[in-house]
Amino acid sequence: MTTETQATAAASGANATDRFRENKKFAAGTSQERVDLLASRVIGAINQTILEEKVTYDEYNALKAWLIQVGEDGEWPLFLDVWVEHSVEQVANENRGGTKGSIEGPYYIPDAPKLESPATLPMRDGEQGTPLLFQGRVTDVAGKPLPGATVEIWHADDLGFYSQFAPGLPEWNLRATVIADQNGDYRIHTMQPAPYQIPTDGSCGKLIAAAGWHAWRPAHLHLKISAPGHQLITSQLYFKGDEHVGDDIASAVKPELILDPTPQADGNGCEVTYNFVLDAA
Ligand code: DHB
Ligand code: FE
């Protein structure tokens, strides 16, 4: 990696903390009983690990220093979304019959510009990568099309960077809210994203290096699909043959979420069809 891209990766981490504070609405008011239960179990699991693995003072102090550094780097959103969110998503969506969900990750921005299908995502002149036509239908679980469904889509560019988190990208680059047509069909022209390495130059990167792990997520499209009277689903789609589809650092790949694009008839990049199924509200 060049010094320039390393600087960009660090900025993405800190921006994720600022954005989380600005955008995330969460209900406070968890009951005392629930806080007692969850906090006791988490603290208990840490203590159990220490006792079973005979953790030393050196290791305890290394942990303390590292936890302090994660906050200073602004990398708590990254850490949690990579190593924890997939379980929260599994619990949240375990009763759905429609399209499988996946993690939101740290780089969602609400209220992206609305575009009617067929749409081309905002991108720079000469945006690098392979053109991708991403299309399909949004239906209910019985297969009935949902006209006017919305497909919120955001993804990294060909270098793995997200607009509004890495500097130098236009504000809404590769982000939009696409409105499906009267048949529930959507057609989106974009560029295929690249495999994505979570920032390696901050404290999450230090953990990965110290543990001998890798930092890669497979290339992915982020999506939020919704329609009146139906439950919004947050998901991701991946690409068959991607080197990291089998060992995602964020444990967020599911077999139902892997696309297999084919070359476009006009020789201009690839196309793929994926139909979304929404559960009733
Ligand atoms: C992270 C980045 C992503 O693009 C994603 O989808 C999930 C997690 C991260 O850096 O934490
Ligand atoms: Fe992502």
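Every chain is numbered on its own, with residues counted from 1 as its sequence reads. For naming, the first written chain is A and the first written ligand is 1, with later ones following in the order written. It should be noted that, the model being predicted, local features are given only for residues of pLDDT at least 70 and side-chain atom pairs only at 80 or more, the latter also being counted only at that level, while totals for whole chains, interfaces and linings use all residues. As a convention, hydrogens and water are excluded, and side-chain values are obtained from all of the structure's heavy atoms.

- In the annotation of an unreviewed UniProt entry, the entry for the protein chain reads Catechol 1,2-dioxygenase, and the organism field reads Crystallibacter crystallopoietes.
- Comment text from UniProt for the protein chain, heading Cofactor (unreviewed entry), reads "Fe(3+)".
- As recorded by UniProt, the Sequence similarities (unreviewed entry) comment attached to the protein chain reads in full: "Belongs to the intradiol ring-cleavage dioxygenase family." UniProt positions are given in the numbering used here, feature names are shortened, and annotations may be inferred rather than shown by experiment.

1. A look at the environment of tryptophan 172
And step 1. The helix and strand labels rest on DSSP assignments: H or I over at least four residues marks a helix, E over at least two residues marks a strand, and numbering proceeds from the N terminus. If you trace the backbone, tryptophan 172 turns up in the loop between strand S4 (150-155) and strand S5 (175-179).
And step 2. Two residues form a contact once any of their heavy atoms are found within 4.5 Å. Tryptophan 172 has contacts with Ile109, Pro110, Asp111, Ala112, Pro113, Pro122, Ser163 and Gln164, leaving out every residue within four places of it along the chain.
And step 3. There is a polar contact of 3.5 Å between the side chain of tryptophan 172 and the side chain of glutamate 171. Any pair of nitrogen or oxygen atoms within 3.5 Å is treated as a polar contact; in protein, a donor-acceptor pairing is required on top of that, and neighbouring residues in sequence qualify only through side-chain atoms on both sides.

2. Some remarks on the UniProt feature "domain: Intradiol ring-cleavage dioxygenases" (unreviewed entry) in the protein chain
And step 1. According to UniProt, the feature "domain: Intradiol ring-cleavage dioxygenases" (unreviewed entry) maps to residues 134-162 in the numbering used here.
And step 2. In the segment residues 134-162, helix accounts for 0% and strand for 45%; the C-alpha atoms at its two ends are 19 Å apart.

3. What to know about the packing of aromatic side chains
The description of an aromatic ring pair uses the distance of the two centres, along with the angle that the planes make with each other.
And step 1. Between 30 and 60 degrees the pair is tilted, below 30 it is stacked and above 60 it is edge-to-face, where a pair is any two Phe, Tyr or Trp rings, Trp via its six-membered ring, whose centres lie within 6.5 Å. Here the structure, examined in full by the defined rule, presents 15 aromatic pairs.
And step 2. Taking 4.7 Å as the distance between ring centres and 50 degrees as the angle between the ring planes, the aromatic pair formed by tyrosine 107 and phenylalanine 165 counts as tilted. Taken together, the positions of tyrosine 107 in the loop between helix H5 (85-92) and strand S1 (114-116) and phenylalanine 165 in the loop between S4 and S5 put the pair 58 residues apart, joining distant regions of the chain.
And step 3. With a centroid separation of 6.1 Å and an interplanar angle of 80 degrees, the aromatic rings of tyrosine 107 and tyrosine 196 are classed as edge-to-face. A residue pair is termed long-range when its members are at least 10 positions apart, and tyrosine 107 in the loop between H5 and S1 and tyrosine 196 in strand S7 (residues 196-197) qualify at 89 residues.
And step 4. To sort residues, take the accessible area from a 1.4 Å probe on protein chains only and compare it with the maximum for the residue type: under 20% means buried, over 50% means exposed, and anything in between is partly exposed. We classify tyrosine 107 as buried; its relative accessible area is 4%.
And step 5. Among the residues examined, tyrosine 196 registers a relative accessible area of 8% and is labelled buried.
And step 6. It is lysine 224 that lies over the ring of tyrosine 108; its NZ or CZ is 4.6 Å from the centre. Remark: a charge is flagged as sitting over a ring if the NZ atom of Lys or the CZ atom of Arg is within 6 Å of the ring centre and within 35 degrees of the ring normal.

4. A word on the site of ligand 1
And step 1. Any residue with a heavy atom positioned within 4 Å of a molecule or strand is treated as near that molecule or strand. Taken together, the neighbourhood of ligand 1 is formed by 14 residues, with Val82, Tyr162, Arg217, His220 and His222 sitting nearest.
And step 2. A distance of 3.0 Å separates an oxygen atom of ligand 1 from a polar side-chain atom of histidine 222.
And step 3. Protein contacts shield 100% of the accessible area of ligand 1, which totals 290 Å² for the unbound molecule.
And step 4. For the shell around ligand 1, the residue count by class is 9 nonpolar, 4 polar and 1 charged. Every accessible area reported is derived by Shrake-Rupley at a probe size of 1.4 Å, with residue values counting cover from the shown protein chains alone. Note that Gly is not counted as nonpolar here; it falls among the polar residues with everything else outside the nonpolar set of Ala, Val, Leu, Ile, Met, Phe, Trp, Tyr, Cys and Pro and the charged set of Asp, Glu, Lys and Arg.

5. Describing the coordination of the iron ion (ligand 2)
And step 1. Note on donors: an N, O or S atom is included if it sits within 2.8 Å of the metal, or within 3.2 Å for Na, K and Ca, and water is never included, so sites can look incomplete. Donor atoms from the polypeptide that coordinate the iron ion (ligand 2) comprise Tyr162 (OH), His220 (NE2) and His222 (NE2), at 2.0 to 2.1 Å from the metal.
And step 2. Here the donor residues of the iron ion (ligand 2) share one chain and are spaced in sequence as Y-x57-H-x1-H. Across this residue pair, the class does not change: histidine 220 and histidine 222 are buried.

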